[in-house]
Amino acid sequence: MIGDMKLGKDLVAASAVPLILAILEEGESYGYAIIARVRELSDGKMRWTDGMLYPVLHRLEAQGSIRARWKVAESGRRRKYYAINREGRKTLEEHKAQWQIVHGALASIWR
Amino acid sequence: MFNLEKKLSDWRESLPPSLRENRELLEELESHLREAFERQMKAGKSAEDSWNAALSSMGDTQNVAREFAKVHRQIWWPAWIAALLLVVSVGSVLALTIARFSAGAIRPLLATHVVLITAGYVSMFAIGLLGAWAVLIRALRGWSDRQEIAFESACAKLSLLALITTLVGCALGAWWASDNLGRWWGWDPKEIGGLCVLAWACVLLQSFRSHRTPAQLRLCNAIIANMIVATGWFGPALITIHSYPVTHPTIGMLLAIFLVIQVVLIWMAQLPEGAMKMHGRAAHL
């Protein structure tokens, strides 16, 4: 899932779920667009291997945090779109609280 | 002349079976690949460069297949059978040892040593049993990523258990030997057997925890565990005065038959998946 940035593998893996859920909270999206959004949000510093995004999406779908549906895009090609649901929003709130604790602790010690 | 459809067809063929056979997932990945390719083309790259860039961004498809296998992990009942056999075997030895201890026939140090060594050795046999099962199913019906994940997970846990119990068991054995025989270590065949089991438990743990170990090597390592434990456990009976309930020739014959079966299993592990496939039967075990 790691790209060329110096972020550790574990850190990128740990941040994958909250990032995906946060992106889907902006509106329904599909694999390629999610990866592009991650790149945009991180100024290109986080590059996920495309193939590794889908297992995370499918796991979130299996857990009931997101739902998926096939739609025909403007190009005429079928795309699988993902959208966050109530359970996913709850999970995202939990992740936010946890990451804020980590962020707060690190900000305090590095002040 | 670049042909995108041909490239996509080749790419589909190169995928692991678990991805190739999941039509919905395949369509999703293909849609992604097409999109990535088009974006690269729009950025001004040549068709070949665009395709290579799109493909490399997809990453190693073997890893993707492994991740998907984790998403849809199922109960692998051979692992539960192995765990049940382990519990029953160790439980029986534990009950027997407690009875002997209660009767004053065995001291706590030796009793604990016996139970721990049994747990370690039986754990290794459980890995060997799973390895034998995997070799047979792989040759007869094929082997899926899900089965590989379940096999790897069960064997990693059993290896850790075998390593810890054998290590502590050997240490207690050495302690007992120091108190009763006047030396910690005497290169007795049983001690050497224990050392070999301990060393192989380390090999197995590394083998099942590292994703870099080839699947066939893992299978062979699991089968070799059977050979090492059987030789380490029952081999000393052929050359030492340790008391066993059956005669030396019987032990020797049974051990030889067992070892020959393991050699056959190691040979079978070298066969391609489904090499002995029975047509018309699904690989779901």
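Here goes a summary of the coordinates provided. Owing to the predicted nature of the structure, the values given are computational and were not obtained by experimental measurement.

1. Quick look at the interface of chain B and chain A
Reasoning step 1: Listed as interface residues are 20 residues of chain B and, on the opposing side, 18 residues of chain A.
Reasoning step 2: Of the roughly 1900 Å² buried at the junction of chain B and chain A (both faces included), carbon and sulfur atoms supply 58%.
Reasoning step 3: In terms of surface lost to chain A, no three residues of chain B exceed E28(B), H32(B) and E35(B), which account for 31% of the buried area on that side.
Reasoning step 4: For the interface between chain B and chain A, the tally reads four salt bridges.

2. Some remarks on the packing of aromatic side chains
Reasoning step 1: Applying the stated criterion across every chain yields a total of twelve aromatic pairs over all chains.
Reasoning step 2: Ring geometry for W233(B) and F234(B): centres 5.3 Å apart, planes at 25°, overall stacked.
Reasoning step 3: On the accessibility criterion, F234(B) (34% relative accessible area) is partly exposed.
Reasoning step 4: An aromatic cluster is built from Y121(B), F125(B), W233(B), F234(B) and F258(B), whose rings are joined through pairwise contacts.
Reasoning step 5: It is K71(A) that lies over the ring of Y81(A); its NZ or CZ is 4.7 Å from the centre.
Reasoning step 6: Directly above the aromatic system of W70(A) lies the positively charged group of R78(A), at a separation of 4.5 Å from the ring centroid.

3. Details of the sheet that holds strand β3 (residues 78-84) of chain A
Residue and element names in this part refer to chain A.
Reasoning step 1: An order of β1-β3-β2 is seen for the three strands of this open sheet, with the pairing classed as antiparallel. Strands with a single pairing partner mark the edges of an open sheet, and in this sheet they are β1 (29-30) and β2 (66-72).
Reasoning step 2: Both β2 and β3 contribute to a ladder of seven bridges, which runs antiparallel. Its bridge partner being in β3, A68 is matched across the sheet by Y82.
Reasoning step 3: Against the sheet, helix α1 (residues 9-25) makes contact with β1, β2 and β3, and its axis sits at roughly 100° relative to β3, the strand it touches most.

4. Topic: helix α3 (residues 23-42) of chain B
Reasoning step 1: Relative to the 28 Å expected for 20 residues at 1.5 Å per residue, α3(B) spans 28 Å between its end C-alpha atoms, a close match to the ideal helical length.
Reasoning step 2: Among the residues of α3(B), those classed as buried are L25(B), L26(B), E28(B), L29(B), E30(B), S31(B), H32(B), L33(B), R34(B), E35(B), A36(B) and F37(B).

Calculation rules
- Residues numbered from 1 in each chain as written.
- Chains lettered and ligands numbered in written order.
- Predicted model: local features only at pLDDT ≥ 70, side-chain atom pairs only at ≥ 80, totals over all residues.
- Heavy atoms only, no water.
- Contact = heavy atoms within 4.5 Å.
- Buried area = accessible area lost by both parts, 1.4 Å probe.
- Salt bridge = Lys/Arg side-chain N within 4 Å of Asp/Glu carboxyl O.
- Phe/Tyr/Trp six-rings, centres within 6.5 Å; stacked < 30°, edge-to-face > 60°.
- Buried < 20%, exposed > 50% of the residue type's maximum accessible area, 1.4 Å probe, protein only.
- Lys NZ or Arg CZ within 6 Å of the ring centre and 35° of its normal.
- Pairing = 2+ DSSP bridges.
- Helix = DSSP H or I, 4+ residues; strand = E, 2+ residues; numbered from the N terminus.
- Axes fitted to C-alpha atoms, helices over the stretch in contact; angles between N-to-C directions.
- Expected span 1.5 Å × (residues − 1).

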